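Chain by chain, the residues:
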Amino acid sequence: FHVFLNENLEIYDARLNLFESLFRIKRPKSRHSHGDGKDHIPESSAFRSGSYDTRKFKKLIDGQCPSYSMVAAKLQGEMRLIILALKDVAEQIEDVYIATENTGIGSVLANKGGIITTLTLRGTRLSFMTAHLEAHEGATHLQNRNKNLAEIFAGAKTDPTYLMQDATVISHHMFVCGDLNYRINFGDGEDSTKDKKKNAREKLKRGISKAALSTKKLTSSSLPDNKKLDGSDGNGVAGGTPASPAAKEERGKDNGSHFAQAKELVDAEDWKALNEGDELAKALEKKDCLVGFKTLPCNWPPTFKVARGEGYQYNEKRTPSYTDRILWKSAHGMGDDVVPFLYEPCPDFITSDHKPIRGGYVVKMKNATKCKEKPPKSKKGMRESNISKTHERQVNLLISNIKCTNLPIMDSELLGGLSDPYILFVSYPKPLLWRKGWPSTKIITRNLNPVWEEDIHLTLDHTRCTDADGSLTLHGSMLYMTVMDEDITSGDDVIGTVALNLNSLCSELDISPSSPSSSNVKFNDHVQETVISTPVLRDGLEYGMMECTIQSAYLTQKETKEFLKEAKRGKKVRAKTRKKTVTNKISEFLRL
């Protein structure tokens, strides 16, 4: 997966034409996440001293893209993620983090899994993930692909400040692509009882036929018991060596089961009918994976499984499918900021049984928040937060009518088989809400449909955040309402998160320094109300729903007191941090 960040669409398209799929890349030495946005490609990396393909690729970049800098590069087994940016754009990139998660055998082998990189460009957090998911056709393998995606999001946490939230939550925009291995299936994805019985009968007949054929052609004295006529062992590999993954995949019982129907539609160029059989499209619709992500229809021939040559010549042992895909997701209030302009295959590539695809997207950048680590200095040279000033306005949030429904069971049967939920209010940037802990609701024990009989009052220290011109802004600022499950015996568990755009919640407020004073305008004129009803998300899946009402206002401390008098319930806010076990702490330390 190669990412180009630039501001010229023609350059984007031209550069993509330069690269051909290079496989069997040598795995590099270990690398660590960085947060300064610089080019972190070690001299000992495989990009400088690796296999021929790897060195050739690096030479292509250096020779054909001299105006680009390599912002991030990671090789993990058969997976590779490279991010290139125009040099003037690269200078504006910061907080680059890389994380990986293997989903091969035992979650150790790197033949399957994913790589995620998160970076910040002009205050906009972008994440890119490449993945190689479980292969084969059939309902079981489809379910495992969905599980693979959740495992990658859960294991590849990029930003160490937000380990409770995965990349799908903390990103303003996230792109996912790679060999996702979703196939074309014209059924419902489940094998009916009748079909299972039919398949069992056919399998039995094939076994009897093969046994009879072997009896005729092979006697016990002609060849050793463990050999076949082709010199292979029982696994179909000459010399008794283990079968390769590709050979095992060829023997998948469901592989190629829809070949004839798919090939007929390919010949008729009926892309709509092919897309209707796409497993990924069905999974997105059912919310079985990648909830909130979008992708464009594939209005071209399936890119798998083809002969290594020009055009599309399909292997009859596979159902032609759209296995290679690109998807994206935008945060709350930013859905219109990504505009796709290119999505197509590269039919002239001949080095693989996949035809790679490429996509181009315009991402609208705004003067997003740049957070100051320390409060501004007062006229006397003392550092103080403007929250303490009675005559200056601050953004206030009053969150009421909070409830969740259909939360998952997090506790074991011994502990009641329910959950003990509470909500943490987490901000991006961190200083907006962090006060030696995150504000939280009270804990409601043993309840999967909790209703909090309290109102939560939050005051944002937004004076720590400015845009490129130094003006106060909430662009890019986020409120993460993370639902937790208290666990007395171990660390509290994350149920899921609702990510809200603070700029959208305060879009009707005038937070400029020149906003009217309290002597001219009543505080009621500063109140914006937003009703929230949205899924609780974790690792790209839904874990219940959250509803609440959020009132936002830009008030002085005097006005705030009047504003809070209208709250119907108590407004006590607790500072709370996630309780961790020793195992949690060691795990997070190792990720850093």
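Residues numbered from 1 in each chain as written. Predicted model: local features only at pLDDT ≥ 70, side-chain atom pairs only at ≥ 80, totals over all residues. Heavy atoms only, no water.

Overview of the overall build of the chain
No. 1: Regarding its fold elements, the chain presents 14 helices and 22 strands.
No. 2: Across the 592 residues that make up the chain, the buried fraction comes to 51%.
No. 3: Taking the intrachain contacts of the chain between residues at least 6 apart in sequence as the baseline, contacts between residues at least 24 apart amount to 69%.
No. 4: Surface accessibility of the chain: about 29,000 Å² in total, with carbon and sulfur atoms responsible for 50%. (Helix = DSSP H or I, 4+ residues; strand = E, 2+ residues; numbered from the N terminus. Buried < 20%, exposed > 50% of the residue type's maximum accessible area, 1.4 Å probe, protein only. Contact = heavy atoms within 4.5 Å. Areas by Shrake-Rupley, 256 points an atom, 1.4 Å probe, with all protein chains shown as cover.)

As for unusual backbone geometry
No. 1: For the peptide bond that leads from Phe 304 to Lys 305, omega is -5 degrees, which places it in the cis range.
No. 2: Here Lys 305 is to be found in the loop between α11 (279-286) and β8 (324-330).
No. 3: Backbone torsion omega between Tyr 428 and Pro 429 reads 0 degrees, so that peptide bond is classified as cis.
No. 4: Positive phi, normally seen in glycine, also occurs at Glu 269, with a value near 55 degrees.
No. 5: By the secondary structure assignment, Glu 269 is in the loop between α9 (259-267) and α10 (271-276).
No. 6: Non-glycine residue Asn 401 carries a positive phi angle of around 55 degrees.
No. 7: Tracing the chain through its elements places Asn 401 in strand β12 (residues 394-405).
No. 8: On the basis of relative accessibility, which here comes to 43%, the residue Asn 401 falls in the partly exposed class.

Here's the deal with the sheet that holds strand β5 (residues 113-121)
No. 1: Taken in spatial order, the five strands of this open sheet run β4-β5-β6-β7-β8, and their pairing is mixed. The outermost strands of the open sheet, each flanked by one partner alone, are β4 (93-102) and β8. On average, each strand axis in the sheet is tilted by 15 degrees relative to the strand beside it, whichever way the strands run.
No. 2: Note that strand β7 (residues 173-179) and β8 share seven bridges and pair antiparallel. Paired with His 173 across the strands is Ser 330, a residue of β8. (Pairing = 2+ DSSP bridges. Axes fitted to C-alpha atoms, helices over the stretch in contact; angles between N-to-C directions.)

With respect to the packing of aromatic side chains
No. 1: Under the criterion given, the structure shown has nine aromatic pairs.
No. 2: Seen from their ring centres, Phe 128 and Phe 175 are 5.7 Å apart, and the 10 degrees between their planes marks the pair as stacked. One end of the pair, Phe 128, is in strand β6 (residues 124-132); the other, Phe 175, is in strand β7, and 47 residues separate them in sequence.
No. 3: Of the residues examined, Phe 128 reaches a relative accessible area of 4% and is grouped as buried. (Phe/Tyr/Trp six-rings, centres within 6.5 Å; stacked < 30°, edge-to-face > 60°.)

Quick notes on the side chain of Glu 137
No. 1: Its place among the elements puts Glu 137 in the loop between β6 and α5 (139-155).
No. 2: One buried charged residue, Glu 137, forms no salt bridge at all, with the nearest opposite charge on Arg 183 at 4.0 Å. (Lys, Arg positive; Asp, Glu negative; His and termini not counted. Salt bridge = Lys/Arg side-chain N within 4 Å of Asp/Glu carboxyl O.)

Comments concerning the nonpolar core
No. 1: Formed by 52 residues in total, the largest nonpolar core has its most connected members in Leu 397, Ile 399, Phe 425, Leu 479 and Met 481.
No. 2: Leave out the neighbours within four places in its chain, and Phe 425 touches Ile 399, Ile 402, Leu 433, Trp 438, Pro 439, Ser 440, Thr 441, Ile 456, Leu 458, Leu 479, Tyr 480 and Met 481.
No. 3: Of all hydrophobic cores here, the second largest spans 47 residues; its members include Leu 121, Cys 298, Trp 300 and Ile 326. (Core = buried A, V, L, I, M, F, W, Y, C linked by side-chain atoms within 4.5 Å.)

Quick word on helix α13 (residues 557-565)
No. 1: Those residues of α13 that fall on the buried side of the exposure criterion are Glu 559, Thr 560, Phe 563 and Leu 564. Down the axis of α13, the buried set is contained in an arc of 135 degrees. They therefore lie on one face. Seen from the open side of α13, the exposed residues pointing more than 90 degrees away from its buried face are Lys 558, Lys 561 and Lys 565.
No. 2: In this fold, the buried residues of α13 make contact with β12, β16 (456-460) and β21 (541-555). (Arc of directions from axis to C-beta.)

Thoughts on a nonpolar patch on the surface
No. 1: Taken together, Val 339, Phe 341 and Val 362 make up a surface patch of nonpolar side chains, about 210 Å² in accessible area.
No. 2: Note that Val 339 resides in strand β9 (residues 338-345). (Patch = residues over 30% accessible without salt bridge, like charges linked within 9 Å, V, L, I, M, F, W, Y side chains within 5 Å.)

Re the pattern of salt bridges
No. 1: This structure, assessed with the given rule, holds eleven salt bridges.
No. 2: Between Glu 344 and Arg 358 there is a salt bridge, and its shortest N-O distance comes to 2.6 Å. Placement of the pair is Glu 344 in strand β9 and Arg 358 in strand β10 (residues 357-363), with a sequence separation of 14 residues.

Focus: the environment of Trp 434
No. 1: As for its placement among the helices and strands, Trp 434 is situated in the loop between β13 (421-428) and β14 (438-440).
No. 2: What makes Trp 434 partly exposed here is its relative accessible area of 31%.
No. 3: Sequence separation of Trp 434 and Leu 460 is 26 residues, and the distance between their C-alpha atoms is 9.4 Å.

Looking at the environment of Thr 463
No. 1: Within the secondary structure, Thr 463 is located in the loop between β16 and β17 (465-466).
No. 2: Judged by its relative accessible area of 8%, Thr 463 falls in the buried class.
No. 3: Between the C-alpha atoms of Thr 463 and Leu 432, which are 31 residues apart in sequence, the distance is 8.8 Å.

Brief notes about α5
No. 1: The end-to-end C-alpha distance of α5 is 24 Å, a good match for the 24 Å that 17 residues give at a rise of 1.5 Å each.
No. 2: Those residues of α5 that fall on the buried side of the exposure criterion are Ala 139, Leu 142, Asn 144, Arg 145, Asn 146, Asn 148, Leu 149, Ala 150, Ile 152, Phe 153 and Gly 155. (Expected span 1.5 Å × (residues − 1).)

Remarks on the environment of Ala 273
No. 1: As for its placement among the helices and strands, Ala 273 is situated in helix α10.
No. 2: As for Ala 273 and Ala 262, which are separated by eleven residues in sequence, their C-alpha atoms are 9.0 Å apart.
No. 3: Discounting residues that sit within four places of it in the chain, Ala 273 has contacts with Phe 186 and Leu 265.

Looking at the confidence of the model for the chain
No. 1: Here the chain shows a mean pLDDT of 79. Residues at 70 or above account for 68%.
No. 2: A low-confidence stretch, residues 9-44 stays under pLDDT 50, and its non-local contacts, those more than four residues away or across chains, total 96 contacts.
No. 3: Note on residues 191-195: pLDDT is under 50 here. Beyond four places in sequence and across chains, it has one contact. (pLDDT = per-residue confidence, 0-100.)

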